[in-house]
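Coordinate inspection notes
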Amino acid sequence: MKKNDWLPLARKLDWKFKYVTEAEVFPPQMSGTPWLKHHDWKQWEEPYKTTYSEYVRGQAAKDAGLDAMREAVGNSEHYKTLSPAWLNSLKLYGATFPLAEFAATIGNLRACRFARDSAWRMSACFGALDEFRHTQIPLLLMQDLVKIDGQFDWTQRFYHTNNWVAIAARHLVDELLLTSNPIEFAIATNFVFETGFTNLQFVGLASLAQGVGDKMFEKMVKSIQSDESRHAQIGPAVMKILVQHDKEYAQFLLDKWFWRSWLLFAVVTGFSMDYFTPLEHRKQSFKEFMEEWVLKQFLGTLDRFGLKKPWYWDQFLQATENYHHMVYASAYTYRATVWFDFVVPGPEERKWLKEKYPGSWPAYEPIWDRISECWRESDPGNDLAVHGTAIVTFCELCQLVLSNGTPNQNSACESVYQGKKHIFCSEPCRRIFEAEPERYCDHKDVVNRVLTGEAPANVVALIRRYFGLDYDTWGKDVYQGQYAWNPADKKGGDR
Amino acid sequence: MIPLYAFLEGDTIGLLLLAYPQETADQLQKKLFSMARTRVQPNGEYFVLFHGKVMDRNQTVAGLGLSALDRIDIRKGAAK
């Protein structure tokens, strides 16, 4: 038989239950709301249909391609030829994504059992296999690099630590991937996170990797992206039915998850595009990438479903010009709290950033002037001389640092719930918290962990004992602050 | 000590400022300048805001009733 003769029947294998009710087989707590009879989900349809044998053949070919590339260039000698700044993109991606992908395996497996149509369940099954692959590949490839740089070990370690970035990533991943029901998972993960962000992020990262000559990373993200674009199609198929039955809830999920996804995306991709990629290899700024790949494409998708832009759209546009710059400058001066290294943008980089961000970059110039001045005044190579010592503050929703808004107006805002004060990095985070306070109120951010004695108050003790870093692995300046364009003051010694 | 959320205009991050009850607005300002020194070089006049109101330079933390996890902002310019 030809595929088209049997696949439509094989995709749709739902049947009527005799001994149990539909609601018992698919309880709303597990299958999600709005709870509709199967009749309403019957039209669920993914645009690109595949069979298991096609899937296995396709994946085997992709894995063979990756293996060949790993044989050729997946070795330490190749990585030694790459820009030391670029390697931090790999460390950041390597830590934050692979085990999040494993959590996505679990989210997909829940949909394999509790999604409301058999074609959806089958697509989620392929999605689960995809995500398991996306866990294994980077774990394997980054493991190859531990022997040249111990920071790569954080690919395995990151989610098992109480590092502040890991606390934030877990807060997102636990809700997005581990605990959401199939409807929220499909909208949050497939529709927003994958269709809106990561599917396109992989296009951008592959392009950067090609530019810097990192063939292994380029091949890996291209291979992963081809899976993402297939299983991301679950999202629009669910959204189509959801908007017919509960458009308000669809809009709520969209607004919530677009903001939550954006914050992590901005850090991982924004740092790579505007700071870690050597200037000569940059093809576009992070903001331009957002405009070209995310905004146009995503707004078009919203139109198709009759959905509105998220209510915070103006703040979001302002954030595309600021958020990753705010976090990068902050994290640079607290680099020992993370597992990757940083660079100071030099005069040429700053000129480029000013051209790309004419409206916002002037506010960051004095900050980098000050950091450069601190380096000039410090002893050569004394990395901790240009480092913060105060405890920084965190958003009680996203758990990331209070670094939203602009240098002239930090957008942190407060709220009181059941007599307890809470602080957030931004109005969207505050409103997400206030929409479901019981879901979030007991999660302690780092400040509250310090104040209750769960984490040490001394920054060095916090880094070593709580964040799990030591001198070998904590983040440093790639060049130890010794830049030819920033010669030391005489009192600071020779460079 | 009273932990306060503190935001300095020109900086990229909020910091946790540990204040003594008898410390004045002026002293809080100096403390935050020192905590943010790697990123911000203070330049010109600044004033301290609490709940949208300008703190008098000599007003104390206790006098104003600041309590744990309240927020202060140190803004650039002359107090109006």
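It should be noted that the structure appears before, not after, this text.
Below: a short report on this structure. Quick caveat, the model's predicted, so the values are computed rather than measured. (Residues numbered from 1 in each chain as written. Chains lettered and ligands numbered in written order. Predicted model: local features only at pLDDT ≥ 70, side-chain atom pairs only at ≥ 80, totals over all residues.)

1. Remarks on the overall build of chain A
Along chain A, the regular secondary structure elements total 23 helices and two strands. Along the first, second and third principal axes, the C-alpha set of chain A runs to 85 × 60 × 40 Å. Within chain A, the proportion of its 495 residues that are buried is 49%. (Helix = DSSP H or I, 4+ residues; strand = E, 2+ residues; numbered from the N terminus. Buried ≥ 20, exposed ≤ 12 C-beta atoms within 10 Å, placed from the backbone.)

2. A few points about the overall build of chain B
Secondary structure assignment for chain B yields two helices and five strands. Mapped from its N terminus to its C terminus, chain B presents α and β elements in the order β-β-α-β-β-α-β. Summarising its shape, the C-alpha atoms of chain B cover approximately 30 × 25 × 20 Å along the three principal directions. The proportion of buried residues among the 80 residues of chain B is 44%. In chain B, once contacts between residues fewer than 6 apart in sequence are set aside, the share between residues at least 24 apart is 65%. (Contact = placed C-beta atoms within 7 Å.)

3. Brief notes about the environment of S83 of chain A
Here S83 of chain A shows up in the loop between α6 (76-80) and α7 (87-96). In contact with S83 of chain A, not counting residues within four places along its chain, are V212 and P278 of chain A.

4. Some thoughts on helix α23 (residues 459-466) of chain A
Residue and element names in this part refer to chain A. By the burial criterion, the buried members of α23 are L462, I463 and Y466. Seen from one end, α23 has its buried residues packed into an arc of 115 degrees, which puts them on one side. Seen from the open side of α23, the exposed residues pointing more than 90 degrees away from its buried face are V460 and A461. Directly after α23, the chain includes G468, whose backbone phi takes a positive value near 80 degrees. (Arc of directions from axis to C-beta.)

5. Thoughts on the sheet that holds strand β3 (residues 46-50) of chain B
Residue and element names in this part refer to chain B. A sheet is described by the order of its strands in space; here five strands give the open sequence β2-β1-β5-β3-β4, paired in mixed fashion. Each end of this open sheet is capped by a strand with a single partner; those strands are β2 (15-19) and β4 (53-54). The pairing of β3 with β4 spans two bridges and is antiparallel. The residue of β4 that forms the bridge with F50 is K53. Strands β1 (2-8), β2, β3 and β5 (71-76) of the sheet are contacted by helix α1 (residues 25-35), whose axis makes an angle of about 140 degrees with β2. (Pairing = 2+ DSSP bridges. Axes fitted to C-alpha atoms, helices over the stretch in contact; angles between N-to-C directions.)

6. Structural notes on the interface of chain B and chain A
When the parts come together, some accessible area is lost, and that loss is often what is quoted as the size of the interface. Contact with chain B, which involves 18 residues of that partner, is made by 28 residues of chain A. Sorting the residues of the side of chain B that touches chain A by element identifies β1 and β2 of chain B as the ones contributing at least two each. Element by element, the count of residues in the side of chain B that touches chain A is highest for β1 of chain B, at three residues. For the side of chain B that touches chain A, a count of residues per class yields nine nonpolar, five polar and four charged. (Nonpolar A, V, L, I, M, F, W, Y, C, P; charged D, E, K, R; others polar.)

7. Some remarks on the packing of helix α9 (residues 118-143) of chain A against helix α13 (residues 215-231) of chain A
Residue and element names in this part refer to chain A. Here α9 crosses α13 at 170 degrees, and the two axes come no closer than 9 Å. In terms of orientation, α9 lies roughly antiparallel with respect to α13. The interaxial crossing formed by α9 with α13 has left-handed handedness. Contacts from S123, F126, G127, D130, R133, H134, I137, P138 and L141 in α9 reach M216, M220, I224, D227 and H231 in α13. Per-class residue counts for the contact of α9 with α13 are seven nonpolar, four polar and three charged. (Parallel < 35°, antiparallel > 145°, perpendicular 65-115°, else oblique. Left-handed = near helix turned anticlockwise from the far one by under 90°.)

8. Thoughts on the pairing of strand β2 (residues 420-424) of chain A
All names here are of chain A. Here strand β1 (residues 413-417) runs beside β2; their pairing, made up of five bridges, is antiparallel. Bridging from a neighbouring strand, S415 pairs with H422 of β2. Linking β1 back to β2 in an antiparallel pair, the connection comprises two residues, with Q418 at a positive phi of about 50 degrees.

9. Quick word on the packing of helix α8 (residues 98-114) of chain A against helix α11 (residues 164-178) of chain A
Residues and elements named next belong to chain A. Contact pair α8 / α11: the axes reach a minimum separation of 8 Å and the direction vectors enclose 20 degrees. Looking at the two axes, α8 sits roughly parallel to α11. For the crossing formed where α8 meets α11, the hand is right-handed. Contacts from A100, A103, A104, I106 and G107 in α8 reach A169, V173, L177 and L178 in α11. By residue class, the composition of the contact of α8 with α11 is eight nonpolar, one polar and no charged.

10. Comments concerning helix α19 (residues 365-377) of chain A
Residue and element names in this part refer to chain A. In this model, α19 (13 residues) spans 18 Å end to end at C-alpha, consistent with the 18 Å of a helix rising 1.5 Å per residue. Along α19, the residues classified as buried are I367, W368, R370, I371, S372 and W375. Where α19 is buried, its residues touch α17 (313-332) and α18 (347-356). (Expected span 1.5 Å × (residues − 1).)

11. Things to note about the nonpolar core
Counting residues in hydrophobic clusters, the biggest one holds 167 residues, and the most contacted among them are I187, V238 and C395 of chain A together with A6, L15, L17 and L32 of chain B. By residue number, the principal contributor to this core is helix α15 (residues 247-276) of chain A, which donates 17 residues. (Core = buried A, V, L, I, M, F, W, Y, C linked by C-beta atoms within 7 Å.)

12. Notes on the pairing of β1 of chain B
Residue and element names in this part refer to chain B. Of all seven residues in β1, six are buried, a share of seventy percent or more. As paired strands, β1 and β2 are joined by five bridges and run antiparallel to one another. Bridging from a neighbouring strand, P3 pairs with L18 of β2. Counting the residues between successive antiparallel strands, the hairpin from β1 to β2 contains six residues, one of them, G10, with a positive phi of roughly 100 degrees. Where β1 meets β5, four bridges bridge the pair, whose relative direction is parallel. Paired with Y5 across the bridge in β5 is R71.

So far we have only geometry, and geometry alone does not tell us how the molecule works.
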